[in-house]
Amino acid sequence: MNTITLAVPAASLSPIRRSYSYMALSPAALFLSVFFALPMGLMIGISFSQEEVGGFSVESYRRFFTDGLSVAGFCRTAVMSGLVAIAVTVLGYPVAYFLARSRSRWRAVVFALALAPELAGVVLRTYGWLIILEDRGFINDVLLDLGLISSPLPLSKNLFAVVVGLTHVVLPFGILSLMTSIQGIDESLERAAQMLGASRVSVVRHVIVPLSVPGIVSSLLLSFTMAASAYATPALLGGAGFKVLATMISEQVLFYVDWPFAAVMANALLLLMLVISFVGVRFEALHRIRRSGAGRTTA
Amino acid sequence: ETLVVNSYGGPYEEIIEKAIIAPFEAKFGIDVIYDPVGSASQDYAKIKATGGRPGFDVVVMTASQSLQGCRDGVLEKLDVATIPNLAKLMPRLAAAAGPCGAVHEVQYMSLLYRKDKLATPSSWSALLAPELKGRIVLPTFQNIMAIYLVEMMSVINGGDLVDNLDPGFKAMEAVARQSIGFEQSSAILESYIKDGTVWAMPFWNGRAQLLVDAGLPVDYIRPKEGTIPLIATLNVPVGAQNKQSAMKFIDFFLEKTSQEAWIGGYKVGSARTDVEVPEAIRARQITSEADLKTLLLPDLSLVAERLPRWAEQWDRDVVPQAD
Amino acid sequence: MNWLLSVLFRLMLAGVLTFITLPLAVVIAASFSPTSAVTFRPWEWTARWYGDLVSERWLLPFLLSVKIAVIVSIVSGIIGVMAAYAVVYEKIRFSEAAMSVLLLPLSVPQIVKGVAIVLFLSLVGLQSFLGTPALIAAHIVLALPFVVRMVATSIANFDRNLDRAGQILGANKRQRVQHILLPAIRPGVLSGMTFAFIISFNNIPLSVFLVRPGDTTLPITVINYLEYSLDPVMAAVNVASMIFILAVIFLFEKIGGFSVKLHGGSK
Amino acid sequence: MSSIDIELVSVSKSFGAISVVKDISLQIPQGEFVSILGPSGCGKTTTLNMIAGFNQPSFGDIRIRGRSQGRVPPERRNIGLVFQNYALFPHMTVADNVGFGLKMKGAARSEIESGVASALRSVHLEDYGARYPRELSGGQQQRVALARAIAPRPSVLLLDEPLSNLDLKLREAMRLELKELQQQLGMTFVYVTHDQEEAMAMSDRIVVMWQGAIAQTGGPASIYRHPASSFVADFIGKSNILTIEGTSEQEATLDLHLAGSAISLRAKRPPHRQQAGFCCIRPEDIAVLNNTGPGGGGVNRLSGTVRRVINLGPSLELAVEIDPHVVLTVLTRSSLSASLPVMGDVVALSIDPDDIQVLPE
Amino acid sequence: MSSIDIELVSVSKSFGAISVVKDISLQIPQGEFVSILGPSGCGKTTTLNMIAGFNQPSFGDIRIRGRSQGRVPPERRNIGLVFQNYALFPHMTVADNVGFGLKMKGAARSEIESGVASALRSVHLEDYGARYPRELSGGQQQRVALARAIAPRPSVLLLDEPLSNLDLKLREAMRLELKELQQQLGMTFVYVTHDQEEAMAMSDRIVVMWQGAIAQTGGPASIYRHPASSFVADFIGKSNILTIEGTSEQEATLDLHLAGSAISLRAKRPPHRQQAGFCCIRPEDIAVLNNTGPGGGGVNRLSGTVRRVINLGPSLELAVEIDPHVVLTVLTRSSLSASLPVMGDVVALSIDPDDIQVLPE
Ligand SMILES: Nc1ncnc2c1ncn2[C@@H]1O[C@H](COP(=O)(O)OP(=O)(O)OP(=O)(O)O)[C@@H](O)[C@H]1O
Ligand SMILES: Nc1ncnc2c1ncn2[C@@H]1O[C@H](COP(=O)(O)OP(=O)(O)OP(=O)(O)O)[C@@H](O)[C@H]1O
Ligand SMILES: [Mg+2]
Ligand SMILES: [Mg+2]
């Protein structure tokens, strides 16, 4: 009773509380194991088989690294997804900001508009873009009619078209994660910055953006991963000359029926994303630690 | 009793309901559930992934999948004992589909053209005509039509169907230079010719006929060098739940009267030589041994095996030619 | 200078919104197209394609899609919130790695996921699970990363002082989560659930492998139709279902779902 | 000193149906130190927010340096503001917080550094530049907020209870610093505080607000000594407000009859001729006589029983019951030397007639 | 009153390398009203947080009702806390905020309602139950925070500067309310404040903290009148701290020689026999004599020039220069009647020897 006990450090405070939090994680973990991890494990297993021969083989991996096309597709995927992630975040930010801060009656309308594209199927939307971007499409028609150009601009069947199409597909997701994050920022901080002479642009740059890093990371991660695994849009808008991993994978699955090779490409994609998302999450966590100091929270 | 039949949607669905399914149900008292989900290759992927138990009993695919499925052991081998009508099929066509597929329909790759813009062509070489510069569209390699076109070009230019395709690829480079690009979906391909952006392209004749019937200013030919058929098959996954009924259904589909109804409705060819169809249809479809002679039948298992290599060649040599 | 900025901002906003709506406008215009080709000729129109929609062929898949999407958004909402809570709020060990893993399902092309799930279920003899139950499960896996990510963002913004206030007022962990954390992160949860709904409702690539014959979802019905005919009925189907869901979301937003009323509270 | 820096012209503000500021007019000349005093919730912060531009008045106009500010956004009004709730940037260090204004002005690095150092020095936090706001105590955060506002040296500075979380010692030091800064740079200060001593000590002029309106404006001494209403008398400092039932006029004085009791007090005759309603006596103006013996002329001599004693440190606060209806609060020196009154003591009090302030009804 | 409610045993706390609380030991009996006073950043909030359980001490032990609290989470310590930064739930109305604690206890609806109503009444916000915190002024928010903490009537209540944003009038009213509540319910209060008057007026005992350690503990009067160190003397109330260079002892008195000047002061001889280092004279203990004529016996008579006059309302604060090295702060009554000293006046001062407190070095 009279001995002075050394205080227990908070981290190891209560094992019971910890086990609660693992319990909270378990339904998701279970779901993901059964419907994602195990099936994907199977795919990884398949990637090391060679159907004709059976047994263990790294032939598909050898092919991936040597055929030239696969690695090119991999790089194309990374570049395309990176561009989409940036485009989505940059274009989405003003809309998200408006949605998070505006009290105008247009807010609900803008909100609905921002979500609207998600509600129309991807395929149909992509046709919409085709009609707009094609050589004989809406934009080229108008420009040709106005005499501004003499031959159609190459707007479709290339990286540009795919990035446009995917940006359109992913934008609402970016907007929503940015909006959620911006809403969490205390408005009086903006006011404080304004009082110190910061223009709107500076307020955004020095206050809103740094404080919405979780949202920005979310937006970049979601956009990157969605873009990289998207199939329909690159297939329709990219044309025969622009193949990314996702389209190549589905060709392997459906057309060539070479599943080991498809699995290898899928694994490559998975690895890319794992690295990217770990970097993103890690960056965000570092940022949070820096922001919140050594753990004490006031004001 | 029920039977689940997987096939295609769209007009196909309407016609098969009327021409085949309704009479079948009436005759056998079996309820047919029609499942229009998936393309042939998606269906095959599903069959393969489920180890032959995809949930449907009969599926419409093509000879390529039939061969593959047999090899992979996920499709039931069909047997004249349970499907007597198999014996009535043209042997060469039946053989092309292997033991697991029942050929219920034959189409061929035709040359579709705008008859208001072009004089009737007669050869595949017409695709190289100067007036067609920028007026043709080509299928992507994931549309089997692409490799068939290469093979035809190869045959015309001194190569052959599977062993030496280099002349074909060479010729395709020139064709690609004429084209405005590549499309995978038949629906999009046909939209180009509908609105007059392109004047000619290779196209399955069944769908080409539908366009003609729709009154568009288009027509199609079976070029003088011959062409390669699209052999559609009925298959039964090994794990099908209602195999009995499935066999009955296939036999019924291959029945003379059924084949006549189907040919008349969907405007395609048949592997039966004894069908009686209107002259207008007979003139354009494959319905006889004589017609069969105009068809070239590459070994589909060899094609499947070499496809990845050819794909690389196509991507390397042909695709960049279209700008 | 300043009005310039605000005009610029509005222009930007308008630009992005135009970008978002442009292809939709095309689709909408096409849905009124009098010809059976999907074209952009807004000056001629007809509503006849909408008439074609009122048939079992479209209604049944629509209802199934709605049913699945509702279940998916609720279930993934619940387990996603739980997971985000464990990872971000409780900061369990290896939480960063756990977070990355939770996001992983996003990164696999759906066709691979589809084949893999079917393969797996067949391998362990669960074919009977294929069809709607598997569809729901697979959609949940697909939607989970979105929910987790959105909720995680919200929790990162949560003011932990409020939690302390709850604690000192005698609220145990469950009560604090229920009365303080959840209301505070509601916008993020709703956003995540909305996306779960949409993702499920629009999914094609996964569903193709998992639907049970005779029980298809709307997008699958659409894509099958589309394979054969690119006619304005498609556009009409899309526009109609879009309007339906938009109405639901609009209602949600009006009721106060996504807007936070949380500012100026604590010092 | 002559040109008007800030002018409120009939400004009103409502939030929905709640009317929060009611028809306020005020002119603040350049270089003046104006304090706004008023009870919690009377509209002080709202008024500052309107001057700063965060709220638009529902009616009326706000002019800064003669220009109407209807469409001028806060960042272009060139005024500083210390927020009641600090609003420090959580993602910046203390130094970055304080340097933010200078940086926005495009100041050179060295200039920012020296500005930050001097601002931190004046709030006694020179060693805290590298910390994040979360690592500071409440009072330290408040001082950072203050340093941040003064670092860019705006010509007009609005301060919303900037010293409320500081201890007396520090508060006094900061008052001096602020006052010095203000005078050195000729800045205009609008200072919201709930601490009347602070307002008295620092301001050129005090504005007393009540329920959204201005109750009185004037110099510190005049507000204290000549409150315009019983509200102001009661609110500013401690005071005994007594209701008057009737008066009888003398030559230079006035006899006040207190309501509900037989007591009369003699007061100096007020200059104006309004009906007397109340009188106000400051607790420190009531003398406690050590012995009940004669002295002081006998005017306004009262005696009563001590009912409560509160030791405030420098002084004692007594509640002395004169009569069941009249309890006076009396402030008297506490001292080690004298014997202090305790509960139940009977004490004699005297009030100088000059110290009785007569107020209209 | 006898059982110990809260006990700190050699408690220390560091954040990383920064040591914030240093070896504090304290016992608080049940029903006591203890105030913690100390300069900004001295560790008051940190100490409360440790008692509440939000921070774990780096060393030492905290016991509540005799039980060590090492592993007890805050919600199970059964104590209340008013947060310095309010921490109101933004998504709940004022009524829901206030009722939260009762709801968590599983109180019946009617009980919650009446509890909320009475808590809101005691903070003078009875009409604000339906508002959201963001619709309140700073002071109103602070009062809601207070109401929220008292509504569940915890047996121990920690208050972290709960009245800092209120005006004097309201603060006084709240003090009475709090004190009454505390006494009625026999609650134990640990009250952090920077307002020494408040601490004096309310507390049974005052703990003065300095740089993380306890500088002095004692009753209000004793702390004010018998500071244990020059820090406490300086911090509590205003005071003149003068350095002593030498002393000469008399019978019952002590003559102090002030450093750097020729002045000596006579003081009462302190009971203890330590080396005198400083003396402390409260400004209000220095009398300003109206005329320089004789009177008061002549002990400790000084004369000097008025260098600064600050009118604090009830009193004037003068800085009187006795000698280039000795400037005394003097507090004198301000009154309407007397003529007030102005800058430059020469005044005579006298200090009662009993009022001079001698402090060790
Ligand atoms: N997380 C932290 N990291 C480092 N130092 C900290 C941290 N939290 C508090 N401190 C320091 O600890 C000291 C004590 O802080 P505390 O909040 O207890 O002060 P306080 O006495 O409540 O002051 P105030 O009256 O200003 O609120 C301060 O100097 C503060 O800067
Ligand atoms: N958004 C709002 N909606 C409704 N009423 C509001 C709103 N904001 C403030 N009020 C009310 O307006 C009144 C004035 O608020 P204000 O913040 O100006 O008070 P204040 O004088 O600064 O008080 P304090 O000294 O407590 O900070 C208060 O009664 C408050 O409840
Ligand atoms: Mg205020
Ligand atoms: Mg504190």
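Calculation rules
- Residues numbered from 1 in each chain as written.
- Chains lettered and ligands numbered in written order.
- Predicted model: local features only at pLDDT ≥ 70, side-chain atom pairs only at ≥ 80, totals over all residues.
- Heavy atoms only, no water.
- Helix = DSSP H or I, 4+ residues; strand = E, 2+ residues; numbered from the N terminus.
- Buried < 20%, exposed > 50% of the residue type's maximum accessible area, 1.4 Å probe, protein only.
- Contact = heavy atoms within 4.5 Å.
- Areas by Shrake-Rupley, 256 points an atom, 1.4 Å probe, with all protein chains shown as cover.
- Near = heavy atom within 4 Å.
- Polar contact = N/O pair within 3.5 Å; in protein donor to acceptor, adjacent residues only side chain to side chain.
- Nonpolar A, V, L, I, M, F, W, Y, C, P; charged D, E, K, R; others polar.
- Donors = N, O, S within 2.8 Å, 3.2 Å for Na, K, Ca; no water.
- Pairing = 2+ DSSP bridges.
- Axes fitted to C-alpha atoms, helices over the stretch in contact; angles between N-to-C directions.
- Patch = residues over 30% accessible without salt bridge, like charges linked within 9 Å, V, L, I, M, F, W, Y side chains within 5 Å.
- Salt bridge = Lys/Arg side-chain N within 4 Å of Asp/Glu carboxyl O.
- Disulfide = S-S within 2.5 Å.
- Core = buried A, V, L, I, M, F, W, Y, C linked by side-chain atoms within 4.5 Å.
- UniProt positions renumbered as here; feature names shortened; annotations may be inferred.
- pLDDT = per-residue confidence, 0-100.

We now examine the overall build of chain A. Each helix and strand counted, chain A has 13 helices and zero strands in total. Each helix and strand of chain A, ordered N terminal to C terminal, gives the series α-α-α-α-α-α-α-α-α-α-α-α-α. Residues classed as buried in chain A amount to 61% of the 299 residues present. In chain A, the proportion of contacts linking residues at least 24 apart, taken out of those at least 6 apart, comes to 70%.

The secondary structure content of chain D amounts to eight helices and 20 strands. Structurally, chain D occupies a C-alpha span of about 75 × 50 × 40 Å along its principal axes. In chain D, the proportion of contacts linking residues at least 24 apart, taken out of those at least 6 apart, comes to 64%. When the accessible area of chain D is evaluated, it comes to approximately 14200 Å², of which 49% is carbon and sulfur surface.

Neighbouring ligand 1 are 21 residues; Arg 131, Ser 137 and Gly 139 of chain D together with Thr 45 and Thr 46 of chain E lie closest to it. Separating an oxygen atom of ligand 1 from a backbone N or O atom of Gly 41 of chain E is a distance of 2.8 Å. One nitrogen or oxygen atom from the main chain of Gly 43 of chain E is found 2.9 Å from an oxygen atom belonging to ligand 1. Here ligand 1 loses 97% of its free accessible area of 640 Å² to cover by the protein chains. Of all elements in the fold, only helix 4 (138–150) of chain D together with strand 2 (18–29) and helix 1 (44–52) of chain E reach the threshold of two or more residues within the shell around ligand 1. In terms of residue class, the shell around ligand 1 is built from six nonpolar, ten polar and five charged.

Once that is clear, we can look at the coordination of the magnesium ion (ligand 4). Residue and element names in this part refer to chain E. Protein-derived ligands of the magnesium ion (ligand 4) are Thr 45 (OG1) and Gln 84 (OE1), with the metal-ligand distances lying across 1.9 to 2.3 Å. Placement of Thr 45 in helix 1 and of Gln 84 in the loop between strand 6 (79–82) and helix 2 (94–104) is noted, with a sequence separation of 39 residues between them. There is no split in this pair, since Thr 45 and Gln 84 are both buried.

Looking now at the sheet that holds strand 19 (residues 346–351) of chain D. Residues and elements named next belong to chain D. Taking strand neighbours across the sheet as the criterion, the five strands line up as 15-19-16-17-18 in an open arrangement whose pairing is antiparallel. If you trace the sheet from one side to the other, it starts and ends with strand 15 (286–289) and strand 18 (326–333), each paired once. Recorded for the sheet is a direction-independent mean angle of 45° between the axes of neighbouring strands. Where strand 15 meets strand 19, four bridges bridge the pair, whose relative direction is antiparallel. Bridge pairing in strand 19 places Leu 289 opposite Ala 348.

It is worth spelling out a nonpolar patch on the surface at this point. Residues and elements named next belong to chain A. A cluster of nonpolar side chains, Phe 138, Val 142, Leu 146 and Leu 148, forms an exposed patch at the surface whose accessible area comes to about 380 Å². Following the sequence through the fold, Leu 148 ends up in the loop between helix 6 (138–145) and helix 7 (159–183). In this structure Leu 148 comes out as exposed when scored by relative accessible area, which is 59%.

This part takes up the coordination of the magnesium ion (ligand 3). All names here are of chain D. Taken together, the protein ligands of the magnesium ion (ligand 3) are Thr 45 (OG1) and Gln 84 (OE1), with distances of 1.9 to 2.3 Å. Residue class for Thr 45 comes out partly exposed when judged on its relative accessible area of 25%. We classify Gln 84 as buried; its relative accessible area is 12%.

On inspection of all chains with the given rule, the structure shows one disulfide over all chains. A disulfide bridge connects Cys 70 of chain B with Cys 100 of chain B, and the sulfur atoms are separated by 1.7 Å. Between Cys 70 of chain B and Cys 100 of chain B, the S-S dihedral sits near 80°, and the bridge is therefore right-handed. Linking Cys 70 of chain B in helix 3 (residues 63–72) with Cys 100 of chain B in the loop between helix 4 (91–97) and strand 4 (102–114), this pair joins segments that are 30 residues apart in sequence. As far as burial versus exposure is concerned, Cys 70 of chain B and Cys 100 of chain B are alike and both buried. The cysteine Cys 279 of chain D is free of any disulfide, with Cys 280 of chain D supplying the nearest cysteine sulfur at 7.6 Å.

Often, the extent of an interface is quoted as the loss of accessible area on bringing the components together. Listed per partner, the contact involves 95 residues of chain C and 100 residues of chain A. At the boundary of chain C with chain A, the tally comes to zero salt bridges. On inspection of chain C and its partner chain A, the count reaches four residue pairs in polar contact (both at pLDDT 80 or more). A total of 15 residues in the side of chain C that touches chain A trace back to one element, the largest contributor, which is helix 1 (residues 2–31) of chain C. Across the side of chain C that touches chain A, the residue classes break down as 67 nonpolar, 17 polar and eleven charged.

If you look at the biggest cluster of nonpolar residues, it comprises 377 residues, and the most contacted ones within it are Phe 141, Ile 147, Trp 262 and Trp 314 of chain B, Leu 210 of chain C, Leu 158 of chain D together with Leu 158 of chain E. Considering every element that reaches this core, the biggest residue donor is helix 6 (residues 132–157) of chain C, with 17 residues. Dropping the residues within four chain positions of it, Phe 141 of chain B is found in contact with Phe 255 and Tyr 256 of chain A together with Ala 146, Ile 147, Leu 307, Trp 310, Ala 311 and Trp 314 of chain B.

This part takes up the UniProt feature "domain: ABC transporter" (unreviewed entry) in chain D. The positions UniProt marks with the feature "domain: ABC transporter" (unreviewed entry) are residues 6–236 of chain D. Across residues 6–236 of chain D one finds 36% helix and 27% strand; the C-alpha atoms that close the span lie 25 Å apart.

All names here are of chain D. Judged by pairing direction, the sheet is antiparallel, and its five strands sit side by side in the order 13-12-11-14-20 without closing on themselves. Only two strands of the sheet have a single partner each, and these edge strands are strand 13 (264–268) and strand 20 (356–360). Going from strand to strand, the sheet's axes swing by 45° on average, the running direction of each strand aside.

What follows deals with the confidence of the model for chain A. Residues and elements named next belong to chain A. Across chain A, pLDDT averages 80, with 89% of residues at or above 70. Long-range and interchain partners of residues 1–14, a stretch whose pLDDT sits below 50, account for 19 contacts in this model, where long-range means more than four residues apart. Taken together, the stretch residues 293–299 has pLDDT below 50 and engages in 20 contacts with residues farther than four places along the chain or on a different chain.

This part takes up the side chain of Asn 300 of chain E. All names here are of chain E. By the secondary structure assignment, Asn 300 is in the loop between strand 15 (286–289) and strand 16 (301–311). In this structure Asn 300 comes out as buried when scored by relative accessible area, which is 8%. Only 2.8 Å separates the side chain of Asn 300 from the backbone nitrogen of Arg 266, close enough to count as a polar contact. Looking at Asn 300, its side chain comes within polar contact range of the main-chain oxygen of Ile 351, at 3.2 Å. Beyond its immediate stretch of four places on either side in the chain, Asn 300 contacts Ser 264, Leu 265, Arg 266, Leu 349, Ser 350, Ile 351, Asp 352, Pro 353 and Ile 356.

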